[in-house]
Amino acid sequence: MNNVKMMVLPLLITLLHCRVCLSVTVSSSKPKVEVHEHTDAVLSCEFRTEKDQSPRIEWKKKGKAVTFVYFNHKFTGSYAGRAKIEGATLTIHSVTQKDSGEYRCEVTASEDHVNLGEATVNLNVLVPPHVPSCEVPSSVFVGSGLELHCKDKLSVPPATYRWYKDNRALTATVDTPYSIDTNKGTLKLKSVSKTDAGMYRCESSNSVGAPKSCVAQQLKVIDYPLNMTILIAGAAGFLTLVIFCCICVCVCRRRGCCKKDKKTKSTKSFNPPPPPAPPIRNLKNYKQTHSFMI
């Protein structure tokens, strides 16, 4: 019996002590919020304190740097005049894409054992399609490759694209001479023909709003001019001639008919030998044979 009492007593003390150690708790009933552009976004934040009845409430937004949304009982920056707070729940009016991001609710209860609690809410502002920018050249030569571009940078979630020719939707298959990337908005034609001429436009769409289309633009397919054809043919002929000459030179060298004569004439100039030196007379053996008188 004594052993049981000794086991129960520490447990009761622990339970009583835990009541005192309970700290401020902060949570959000909706940690992910998705709303349409130009509507109100409600970022919920609920808290509970043990002692402090007037905790400090702050809201911050995380981006490249952490910025205050609500601090010292007032809104800051662009949130001033278009946001309100009830308890710790934040409401932002007429949100735009710039308001998307991660928000943090912080509650500080200085009288509690653990005096800081926080909850995170992610806001995603949905944007309907905008009129896309379409890149369609005015003319293109027959047989050349072509790539048309379409882009809507503002829609959230990202838009998908569809191309139209003469108000008829283009659908790419294995047999069609073109390909379409519905995510990137590109229309590729490997080799343009006369039948590809017409009015082209692109349409962007997503799950938020109605599709948007750019103004149709005319594409003309023209033949190469005569002088251009002659220039291309001449360049091709010249290139063929150069290649043929190079092949001939290589064959000639391999057969040895292009070797140079190894005999070379001496370029050294001829210098005659110097004349012999005059004989030197030996005076010791000289004898006078004649006398001269003046």
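See the structure shown above.
Residues numbered from 1 in each chain as written. Predicted model: local features only at pLDDT ≥ 70, side-chain atom pairs only at ≥ 80, totals over all residues. Heavy atoms only, no water.

(A) View of the environment of valine 140. Summarising the element assignment, valine 140 is placed in strand 13 (residues 139-141). Note: C-alpha distance between valine 140 and aspartate 223 (83 residues apart in sequence) is 8.6 Å. (Helix = DSSP H or I, 4+ residues; strand = E, 2+ residues; numbered from the N terminus.)

(B) Up close: the side chain of threonine 89. Positionally, threonine 89 belongs in strand 9 (residues 89-92). Under the relative-accessibility criterion, threonine 89 is labelled buried at 19%. Within the structure, threonine 89 has its side chain in polar contact with the backbone nitrogen of cysteine 45 (distance 3.3 Å). When residues no more than four places from it in sequence are discounted, the contact partners of threonine 89 are Val42, Leu43, Ser44, Cys45 and Lys84. (Buried < 20%, exposed > 50% of the residue type's maximum accessible area, 1.4 Å probe, protein only. Polar contact = N/O pair within 3.5 Å; in protein donor to acceptor, adjacent residues only side chain to side chain. Contact = heavy atoms within 4.5 Å.)

(C) Local environment of the side chain of arginine 201. Its place among the elements puts arginine 201 in strand 19 (residues 198-205). Summary of buried charges: arginine 201 has no salt-bridge partner, and the nearest side chain of opposite charge, glutamate 203, is 4.4 Å away. Engagement of the side chain of arginine 201 in a polar contact is seen with the side chain of asparagine 167, the distance being 3.3 Å. Excluding anything up to four places from it in sequence, arginine 201 contacts Arg162, Trp163, Tyr164, Asn167, Ser213, Cys214, Val215 and Ala216. (Lys, Arg positive; Asp, Glu negative; His and termini not counted. Salt bridge = Lys/Arg side-chain N within 4 Å of Asp/Glu carboxyl O.)

(D) Highlighting the nonpolar core. Counting 26 residues, the largest nonpolar core has Leu43, Trp59, Leu90, Tyr103 and Leu123 as the members making the most contacts within it. Per-element tally for this core: the top contributor is strand 11 (residues 116-126), with 4 residues. Aside from chain neighbours lying at most four places away, what touches leucine 123 is Val33, Val35, Ala41, Leu43, Asp99, Ser100, Gly101 and Tyr103. Counting residues in hydrophobic clusters, the runner-up holds 19 residues, among them Tyr200, Cys202, Cys214 and Leu219. (Core = buried A, V, L, I, M, F, W, Y, C linked by side-chain atoms within 4.5 Å.)

(E) Highlighting a nonpolar patch on the surface. Taken together, the side chains of Phe141, Ile222, Tyr224 and Ile232 present a nonpolar region at the surface, about 330 Å² in accessible area. On the basis of relative accessible area, isoleucine 232 is assigned to the partly exposed category, the value being 45%. (Patch = residues over 30% accessible without salt bridge, like charges linked within 9 Å, V, L, I, M, F, W, Y side chains within 5 Å. Areas by Shrake-Rupley, 256 points an atom, 1.4 Å probe, with all protein chains shown as cover.)

(F) Layout of the state of the cysteines. Enumeration according to the criterion identifies 3 disulfides in this entry. Here cysteine 134 engages in a disulfide with cysteine 214; their sulfurs sit 2.0 Å apart. Disulfide cysteine 134-cysteine 214: torsion about the S-S bond near -105°, hence left-handed. In this pair, cysteine 134 is assigned in strand 12 (residues 133-135) and cysteine 214 in the loop between strand 20 (212-213) and strand 21 (217-222), connecting sequence segments 80 residues apart. In this structure cysteine 214 comes out as buried when scored by relative accessible area, which is 7%. Through a disulfide, cysteine 150 is tied to cysteine 202; the S-S separation comes to 2.0 Å. Linking cysteine 150 and cysteine 202, the disulfide has an S-S dihedral of approximately -85° and is accordingly described as left-handed. Taken as a pair, cysteine 150 in strand 14 (residues 146-151) and cysteine 202 in strand 19 lie far apart in primary sequence, 52 residues in all. Exposure class is identical for cysteine 150 and cysteine 202. Each is buried. (Disulfide = S-S within 2.5 Å.)

(G) Seen up close, the packing of aromatic side chains. As enumerated under the stated definition, the model contains 3 aromatic pairs in all. Relative to tyrosine 103, the ring of tyrosine 79 lies with its centre 6.5 Å away and its plane at 85°, an arrangement referred to as edge-to-face. With tyrosine 79 in the loop between strand 7 (74-75) and strand 8 (83-86) and tyrosine 103 in strand 10 (residues 101-108), this residue pair connects regions lying 24 residues apart in the sequence. Take tyrosine 103: its relative accessible area is 0%, and that puts it in the buried class. If you follow arginine 201 out to its NZ or CZ, it ends over the ring of tyrosine 164, 4.1 Å from the centre. (Phe/Tyr/Trp six-rings, centres within 6.5 Å; stacked < 30°, edge-to-face > 60°. Lys NZ or Arg CZ within 6 Å of the ring centre and 35° of its normal.)

Any link to function would need more than the numbers given here.
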